[in-house]
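Take a look at the letters that make up each chain.
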Amino acid sequence: ASVIIGHHHCLAWPLSATSSRSSFLLHTKTRVNTRGLRERERERDYHVNRPFFPLLRAKLTATTMARLLLLGFSLLLLTGLRPGRAFLVADPQPDVSDDVPALLAFKKAIYDDPLARLSDWNSSDPDPCLWFGVTCSDFDARVVTLDLSNSSLVGFLAPRIGSLTSLQKLILDHNAFTGSIPREIGKLKNLTVLNLSTNLLQGPIPSETGDMQNISTIDLHANRLSGALPPELGKLTNLKELRLSNNSLTGTIPGSNSSTMVSTKKEDQVGLCQLAQLTDIDLSNNLLAGSIPACLNHIQRSRMAGNCFQNNDTMNRADWQCGNSTDAGKDNNSIGEDGQRGRVIQPLWLLIVEVVTGVSVLSILTLCAIAGLRRRKDRSSGRGVPWTRALSWKENNVISIDDDLLANVPKISRQELAEACEDFSNIIGSSHETVVYKGTMKDGREIAVVSMSAPVHYWTNYVELYFQKEVVEVARLSHENAAKMVGYCKSSDPFSRMVVFEYPPNGTLYEHLHDVEGCQLSWPRRMKIALSIARVLRYLHTELQPPFAMAALASSSIYLTEDFSPKVGALLLGTWRLWCS
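Bear in mind that the values here come from a model prediction, so they are computed numbers and not experimental data.

### Side note on the overall build of the protein chain
- Check the secondary structure of the protein chain and you find 10 helices and 23 strands.
- Counting the 581 residues in the protein chain, one finds 36% classified as buried.
- In the form shown here, the protein chain has an accessible surface area of approximately 35,200 Å², with 56% of it arising from carbon and sulfur atoms.

Put into C-alpha cells, the structure is as follows:
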C-alpha cells in the first residue's frame, strides 16, 4: 500500500504470517527520480520473494509426499497385503498346502490299493491332516508322519516324496513296493525313522541316505536290494538301529577291517565305525564278503549270519552261493608256450571210477524195472501174496527215543484235545495216513488237529525219530502266511501222535476257486493271495536257514483267514505221506 502525506511518499509491505524472517520497509523520499525508483523496486522484490517462495516450494513438496504415501498405502490395500508383512510376502514360509502335491504324487505312483487305504486322499481337500496314515504337527500343520504299514499297496516310491521336508517318520513296511529307493529321500533332513521293510524294492541303497542327519532307525530288511553298502552311512551320527537283513547286498562292510583298530576317537574311525550311538545292526542273509570290522563286535545286538565273510566265527553261506565256484576251471584252459590252449588230461583212475559208477547205476535201474514189471504182472493175474512186514534187527518195542528233542515245543495232552474236538467226533478231513479234526480250546482259539493213522506195530523207533524231527522243523517256522503250530500230542495209551495248528476259518483256497461262491475272490484279492504265497515260499526256501522243503503245494493245502489272507497249511502231510505209506 502506498500512503502519500504531503509531498512525502510512505511505502509499506505486509509481513508473511508463516515466515520467520519479517521485514517492514518504509522509505520516505521527497524527490523521486527514475534511477532511484528502479533501485527501490529491486530492493522490494528481494525482501518480498526471499521469505515467500521457499515456503511455497516446501508446501508443494510436503503435499506431493503425502499424496505419494497415500497412493502407496492404497496399492497395498488393493493387493490384500498389510505393511507389516511386506517381507513375508517376498519370502513365504512353507505350510501344509505345500505337502499336498507331494502326497498326491505318492498316491499316483500306487496302482493297486486293495484295502482302499488311500480312498480319502482327495485333491479337492486342501487339508491332508485328516487323510489316512498322515499325521501333522500341532505347531505349523506340516506333515510329520506317513504310516501306511500292512496296507497291501502295490506301486513304486515317487521321487516327489523328498518334498515332505518336515517328515519325521516314513513307515511303509509290509507292502509290495517295487523299483528302487529314490535319491530324493536324502532331502528329508528331519526324518528320524525310515521303515521300508518287507517290500519288493530293488537296486542299491542310495548314497543320499547319508544326508539324513537326524535319522535314528533305518529298516530295509526283506527286500531285493543289491550293491554295496554306501560309506555315507557313516555320517549318520544319530543312527541307533540299522536293519538290512534278507537282501542281496554285496561287497565289504565300509569300516576298518583291522582287528587292532579299536580306537574310540571319532577322527580315527571310518565307515560304520563312526556310528558311536549304533546299538542294533542286522546284516544277516546277504552276500557280504571280506571281514567284519572289529568295531562292530562291540555292538550290543549284532547279527551277521548267512553271508560270505572270511572269518569262521559266523555261520556263512555255502561256497557255491557266494560265487566262489566261478574261479574253478581257470586252469583247464591255460595258454601254453606255443600260444595254443591246452587241455588237462584226466587221470586214468578217475576214468575207471566213472565207468564203474555208470555201469552200476544202469544195472540197478534195470533190476528195478524188471521187479516192477513182475509185481505188476502178479497183481493183474491175482496171484499176489499178501504183504507182511518183516522185523529187522534195527527194531524194538521201545517207542520213546529222545524226549529232549521236543523240549521247546508245547505239549498238549490227549484229554485236552478230546474235549476241544468233542471227543474226536468233529472230523473235517481225512486220508489214508491222517485224520484232521476241528476243535476249540478253552481260551477260545480254534484249532485243527492232524492225527497220524499208523498203528502202533508199524511205529518203530526210526518212525518216532522222524516224527519228532518233523515237529521241530515245523515249530521253527515263523511267517504270517505259514500255518502256525500250536503244539503236539504224544500218548502211549491209547497210542496216538498228533500235531495241532491254528485253524483258519475261511476254508481252503480250492473250495473258493472251484465252488459256486468263487466270485468272492476278486482280482485284487487273488493278487494278494498269490503274492502272499510267493512270500512264504521265498521265506521257506531262501530266508530260512536251513531252508525248509515242501513236499507238495496245492490249493487244497492253502487255508484262508477271515480277511482272506492265505495260510500255507498241512506242511507235514506231504512229507509224512512218504513214510506212512
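### Focus on the environment of proline 410
- The residue proline 410 is located in the loop between α5 (348-381) and α6 (414-420) in this model.
- Residue contacts for proline 410: discarding those within four places in its chain leaves Val486, Gly487 and Tyr488.

### Quick look at the sheet that holds strand β13 (residues 241-243)
- Read across the open sheet, the eight strands follow the order β4-β5-β7-β9-β11-β13-β15-β16; overall the sheet is mixed. If you trace the sheet from one side to the other, it starts and ends with β4 (134-136) and β16 (301-303), each paired once. Direction aside, neighbouring strands of the sheet carry axes that sit 10° apart on average.
- Strand direction decides the pairing type here: β13 and strand β15 (residues 280-282), joined by three bridges, are parallel.

### Structural notes on the packing of aromatic side chains
- Per the counting criterion, the structure on display carries six aromatic pairs.
- Seen in terms of ring centroids, phenylalanine 106 and phenylalanine 177 are 6.2 Å apart; in terms of plane orientation they differ by 45°. Their pairing is tilted. Placement of the pair is phenylalanine 106 in helix α3 (residues 99-108) and phenylalanine 177 in strand β8 (residues 176-178), with a sequence separation of 71 residues.
- On the accessibility criterion, phenylalanine 106 (1% relative accessible area) is buried.
- Pairing tryptophan 459 with phenylalanine 495 gives two aromatic rings, centres 5.5 Å apart and planes at 65°, and the pair type is edge-to-face. Here phenylalanine 495 lies in strand β21 (residues 495-502) and tryptophan 459 lies in the loop between β19 (446-452) and α7 (461-475), a separation of 36 residues in the sequence.
- Judged by its relative accessible area of 4%, tryptophan 459 falls in the buried class.
- The ring of phenylalanine 564 has arginine 525 sitting right over it, with the charged end atom 4.0 Å from the ring centre.

### Notes on the confidence of the model for the protein chain
- Mean pLDDT for the protein chain: 75, with 68% of residues reaching 70 or above.
- Contacts from residues 324-344, a stretch scored under 50 in pLDDT, to residues over four places away or in other chains number 13 contacts.
- With pLDDT under 50 throughout, residues 382-400 is counted as low confidence; its partners more than four residues away or in other chains account for 19 contacts.

### Let's talk about the nonpolar core
- Counting 55 residues, the largest nonpolar core has Phe106, Trp121, Leu170, Leu242, Ile253, Ile281 and Leu296 as the members making the most contacts within it.
- Elements that contribute at least two residues to this core include exactly α3, β4 and β5 (143-147).
- It is α3 that contributes the most residues to this core, four residues altogether.
- Those residues in contact with phenylalanine 106 that sit more than four places away from it in its chain are Trp121, Leu146, Leu148, Leu157, Ala158, Ile161, Leu172 and Phe177.
- Counting 27 residues, the second-largest nonpolar core is a separate cluster that includes Val463, Val499, Tyr503 and Phe548.

Each value, and the rule that gives it
- Residues numbered from 1 in each chain as written.
- Predicted model: local features only at pLDDT ≥ 70, side-chain atom pairs only at ≥ 80, totals over all residues.
- Heavy atoms only, no water.
- Helix = DSSP H or I, 4+ residues; strand = E, 2+ residues; numbered from the N terminus.
- Buried < 20%, exposed > 50% of the residue type's maximum accessible area, 1.4 Å probe, protein only.
- Areas by Shrake-Rupley, 256 points an atom, 1.4 Å probe, with all protein chains shown as cover.
- Contact = heavy atoms within 4.5 Å.
- Pairing = 2+ DSSP bridges.
- Axes fitted to C-alpha atoms, helices over the stretch in contact; angles between N-to-C directions.
- Phe/Tyr/Trp six-rings, centres within 6.5 Å; stacked < 30°, edge-to-face > 60°.
- Lys NZ or Arg CZ within 6 Å of the ring centre and 35° of its normal.
- pLDDT = per-residue confidence, 0-100.
- Core = buried A, V, L, I, M, F, W, Y, C linked by side-chain atoms within 4.5 Å.

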